[in-house]
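Each chain, written out:
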Amino acid sequence: QLLLQLAEKLALEGLGCETVVASMGEWLNYITYHKVYEERRKLGENFALNSLLKKIDYQNVKQLLKYALTLRYQYGAMDRAYNAVSALGIRRDHHIGHLFENLGDLYHLDLVGEAALSIASGVTAEKEGFDGVANVYPFGCMPSTNALIILRKYYAKLAERNGGVGFPFVNVSCDDANRPTRF
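Residues numbered from 1 in each chain as written. Predicted model: local features only at pLDDT ≥ 70, side-chain atom pairs only at ≥ 80, totals over all residues. Heavy atoms only, no water.

A. Summary view of the overall build of the chain. A count of helical and extended segments in the chain gives 6 helices and 3 strands. Taken from the N to the C terminus, the helices and strands of the chain come in the order α-α-α-α-α-β-α-β-β. Burial analysis of the chain (183 residues in total) assigns 34% to the buried set. Excluding contacts between residues fewer than 6 apart, the proportion of contacts in the chain whose partners are at least 24 apart in sequence is 63%. (Helix = DSSP H or I, 4+ residues; strand = E, 2+ residues; numbered from the N terminus. Buried < 20%, exposed > 50% of the residue type's maximum accessible area, 1.4 Å probe, protein only. Contact = heavy atoms within 4.5 Å.)

What follows is the structure in structure tokens.
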């Protein structure tokens, strides 16, 4: 999928667009972020159950701390890497929590996978003043199809609120054909 994103990036830049492609680090941060989210959820469920029994599930607390510290380490490493190459003008990845603050009730974080990240990134791009979003994904990818449906509805409501002025958005499904299928 990374090669597909790169090819689409070059095609868009050939048309005069400035593009930003999420790094692989963003996906790794998302996986760890979701582990923290899951452990917090489990801890809450276990706390409710175990408070009746007057015991604490220390294994759950240990896992939560492990993932939370791992995520903090990953963010620190990411920040150090971006600081080291700051002269190149590479746009920093967002912290995942920031992306999901913008997600609101569009998608529930219990639904794990790429769709949550794609939707949150699309909404964040609009809120941060980008001029449009191109979501590039492999053929028939269900999470990206979900993102298409939700973002299309989100951007349509945005256009209604803005007197018909929409936010450019395209989903690009790539397969082995010479030209990607565009929705």
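B. Examining a nonpolar patch on the surface more closely. A surface patch of nonpolar side chains, amounting to about 300 Å² of accessible area, comprises M24, L28 and I31. Mapped onto the elements of the fold, L28 is located in helix α2 (residues 24-53). (Patch = residues over 30% accessible without salt bridge, like charges linked within 9 Å, V, L, I, M, F, W, Y side chains within 5 Å. Areas by Shrake-Rupley, 256 points an atom, 1.4 Å probe, with all protein chains shown as cover. Salt bridge = Lys/Arg side-chain N within 4 Å of Asp/Glu carboxyl O.)

C. The packing of aromatic side chains, seen in detail. Taken as a whole and assessed by the stated rule, the structure comprises 6 aromatic pairs. Between Y155 and F167, the aromatic rings sit 4.9 Å apart at their centres with planes inclined by 40°, giving tilted as the arrangement. On the criterion of sequence distance, the pair formed by Y155 in helix α6 (residues 142-161) and F167 in the loop between α6 and β2 (169-174) is long-range, its members being 12 residues apart. For the pair Y155 and F167, one class covers both residues: buried. Connected via pairs of aromatic rings, a cluster forms that spans W27, Y30, Y33 and F100. (Phe/Tyr/Trp six-rings, centres within 6.5 Å; stacked < 30°, edge-to-face > 60°.)

D. Fine view of the pattern of salt bridges. Considering all chains together, one arrives at 2 salt bridges under this definition. Residue R41 pairs with E38 through a salt bridge whose shortest N-O separation is 2.7 Å. Here the residue R41 and the residue E38 both occupy positions in helix α2, the gap between them amounting to 3 residues, near one helical turn. Among the residues examined, R41 registers a relative accessible area of 31% and is labelled partly exposed.

E. Up close: the nonpolar core. I96, F100, L103, Y107, I119 and Y155 are the most contacted members of the largest nonpolar core, which has 31 residues in total. Contributions of two or more residues to this core are made by α2, α3 (58-84), α4 (96-103), α5 (114-127) and α6. If near-sequence neighbours (up to four positions away) are discounted, F100 is found in contact with Y30, Y33, L109, A116, L117 and A120. (Core = buried A, V, L, I, M, F, W, Y, C linked by side-chain atoms within 4.5 Å.)

F. Inspection of the packing of α4 against α5 at higher detail. Look at α4 against α5: their axes get within 8 Å of each other, and the N-to-C directions meet at 80°. Here α4 is positioned roughly perpendicular relative to α5, judged by the angle of their axes. Side by side, α4 and α5 meet where I96, H98, L99, F100, N102 and L103 of the first sit next to A116, L117, I119, A120, S121, V123, T124 and K127 of the second. (Axes fitted to C-alpha atoms, helices over the stretch in contact; angles between N-to-C directions. Parallel < 35°, antiparallel > 145°, perpendicular 65-115°, else oblique.)

G. Focus on the environment of V170. Its location among the elements puts V170 in strand β2. Take V170: its relative accessible area is 24%, and that puts it in the partly exposed class. When the C-alpha positions of V170 and A134 are compared, they lie 4.8 Å apart, and in sequence the two are 36 residues distant.

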